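Structural overview
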Amino acid sequence: MEKTKQALPFAVPRHVAIIMDGNNRWAKKRFMPGVAGHKAGVDAVRAVIEVCAEAGVEVLTLFAFSSENWQRPADEVSALMDLFLKALRREAKRLNENKISLRIIGDRSRFHPELQAAMREAEAATAGADRFVLQIAANYGGQWDIAQAAQRLAREVQAGHLRPEDITPELLQTCLATGELPLPDLCIRTGGEHRISNFLLWQLAYAELYFSDLFWPDFKHEAMRTALADFASRQRRFGKTSEQIEAGARV
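Residues numbered from 1 in each chain as written. Predicted model: local features only at pLDDT ≥ 70, side-chain atom pairs only at ≥ 80, totals over all residues. Heavy atoms only, no water.

As recorded by UniProt, the Sequence similarities (unreviewed entry) comment attached to the chain reads in full: "Belongs to the UPP synthase family." Looking at the Catalytic activity (unreviewed entry) heading of the UniProt record, one finds this comment for the chain: "8 isopentenyl diphosphate + (2E,6E)-farnesyl diphosphate = di-trans,octa-cis-undecaprenyl diphosphate + 8 diphosphate". (UniProt positions renumbered as here; feature names shortened; annotations may be inferred.)

This next bit is on the overall build of the chain. Across its full length, the chain carries 8 helices and 6 strands. Counting from the amino terminus, the chain carries its helices and strands in the arrangement β-α-α-β-α-β-α-β-α-α-β-β-α-α. Projected onto its principal axes, the C-alpha coordinates of the chain cover approximately 55 × 50 × 35 Å. Relative to its full complement of 251 residues, the chain shows a buried share of 47%. In the chain, once contacts between residues fewer than 6 apart in sequence are set aside, the share between residues at least 24 apart is 75%. A total accessible area of about 13,300 Å² is found for the chain, and carbon and sulfur atoms account for 53% of it. In the chain, 33 positive and 32 negative side-chain charges are present, and the distance between their average locations comes to 4 Å. (Helix = DSSP H or I, 4+ residues; strand = E, 2+ residues; numbered from the N terminus. Buried < 20%, exposed > 50% of the residue type's maximum accessible area, 1.4 Å probe, protein only. Contact = heavy atoms within 4.5 Å. Areas by Shrake-Rupley, 256 points an atom, 1.4 Å probe, with all protein chains shown as cover. Lys, Arg positive; Asp, Glu negative; His and termini not counted. Charge placed at Lys NZ, Arg CZ, Asp CG, Glu CD.)

Turning our attention to the sheet that holds strand 5 (residues 186-189). The 6 strands lie next to each other as 3-4-2-1-5-6, forming an open sheet whose pairing is parallel. Since the sheet does not close on itself, it has two edges, and those belong to strand 3 (100-105) and strand 6 (208-211), each with one partner. The average angle at which neighbouring strand axes cross in this sheet is 20°, direction not considered. Two strands pair when backbone bridges link them, and strand 1 (residues 15-19) and strand 5 are joined in this way by 4 bridges, in the parallel orientation. Within strand 5, the position partnered with Val16 by the bridge is Leu186. Lying over the sheet, helix 3 (residues 74-97) contacts strand 2 (59-66), strand 3 and strand 4 (132-140), oriented at roughly 155° with respect to strand 3. (Pairing = 2+ DSSP bridges. Axes fitted to C-alpha atoms, helices over the stretch in contact; angles between N-to-C directions.)

With that settled, consider the pattern of salt bridges. According to the stated counting rule, one finds 18 salt bridges in the structure shown. The residue Arg189 makes a salt bridge to Asp21 at a minimum N-O spacing of 3.0 Å. One end of the pair, Arg189, is in strand 5; the other, Asp21, is in the loop between strand 1 and helix 1 (23-29), with 168 residues separating them in the sequence. Like Asp21, Arg189 is buried. Several salt bridges converge on common partners, so that one network encompasses Asp43, Arg46, Arg90, Glu91 and Arg94. (Salt bridge = Lys/Arg side-chain N within 4 Å of Asp/Glu carboxyl O.)

This paragraph deals with the layout of surface pockets. Taken as a whole, the largest pocket encloses approximately 1,200 Å³ of empty space. Along the walls of the largest pocket sit 47 residues, with Met20, Val45, Leu62, Ala64 and Trp216 positioned nearest its centre. Where the lining of the largest pocket is concerned, the elements lending two or more residues are helix 1, helix 2 (34-55), strand 2, helix 3, strand 3 and strand 4. In terms of residues, the lining of the largest pocket owes the most to one element, helix 3, which gives 11 residues. (1 Å grid on protein atoms, 1.4 Å probe; cavity = no way out; pocket = protein on both sides within 12 Å on 5 of 7 lines; lining within 4 Å. Points joined across faces, edges and corners; volume = space filled by probe spheres on them.)

Written as C-alpha cells, this is what we have:
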C-alpha cells in the first residue's frame, strides 16, 4: 500500500470503468516484449484498486481482453492467457481477505477449460466479500453484450413468458452482463487514445469520459486520484439544464 495519502474528492463515482491501454507501447519504449507491459500493468491494477476502495467506489470494471484481441499475434495471446490464469490463482485469496468480490464478464466459451475453471474458482472464493466489486471484462465486447441480452429476451418471448411490448430499456439492462450493478459513472482510458473500443456500449450512455496520455503501467495512485478529482469537478446533467441541477441541489 502506498504510504503517502492525498485528500480524495467528495463526489465519488459509484462505478468506475477502465480501458487499460498502452501496455504494448510501454514495453516497446523499453525495448521489451509486449507481455512485459502486461505484467507491469498488474501493479497499476493494484494501485487503482487501492485508490478506488479507499475513496468509496463500489464497483471497478477493468477491460482486460476484448473479443477483438484474439486477432493479436498468437504468442502474445498465449502469454496473456497464461498471465490471466496465474493472476486468478494468485490474487483470489488476497481479494477475499480485502473483502473484494471478483466478477468476470464476457463470453467464456473460447477460453481453455483450465482457465474457465480458474475463473469459477476465483469467483466462488470471493463470493462472500461485500466491500467492493472488481469486475473483469474478458473476451468481452459491448455489441456481444447487447446481442446476448436481446437473445435472452427473445427466448422469453418465444416461451410465452414475455410479450414484445414488455421489453423496456430497464428490462434489457438487467439482462446485460453487468446485471443489477450500478451503471458506470466514470470511464477512464489510458494510452492517449480517445475512443471506447466496443466497451460497455449500453452502460456508458451517461458516463463521464476521462482520457489519460499515460500508458497503463504508469497509471498509478496519483493518476487515479487525479481522475477522481476531475470527475468531482464536473456537473452531471442527464439531459437537464445547469439551472435545474443547481436548483435541485438547493432543495
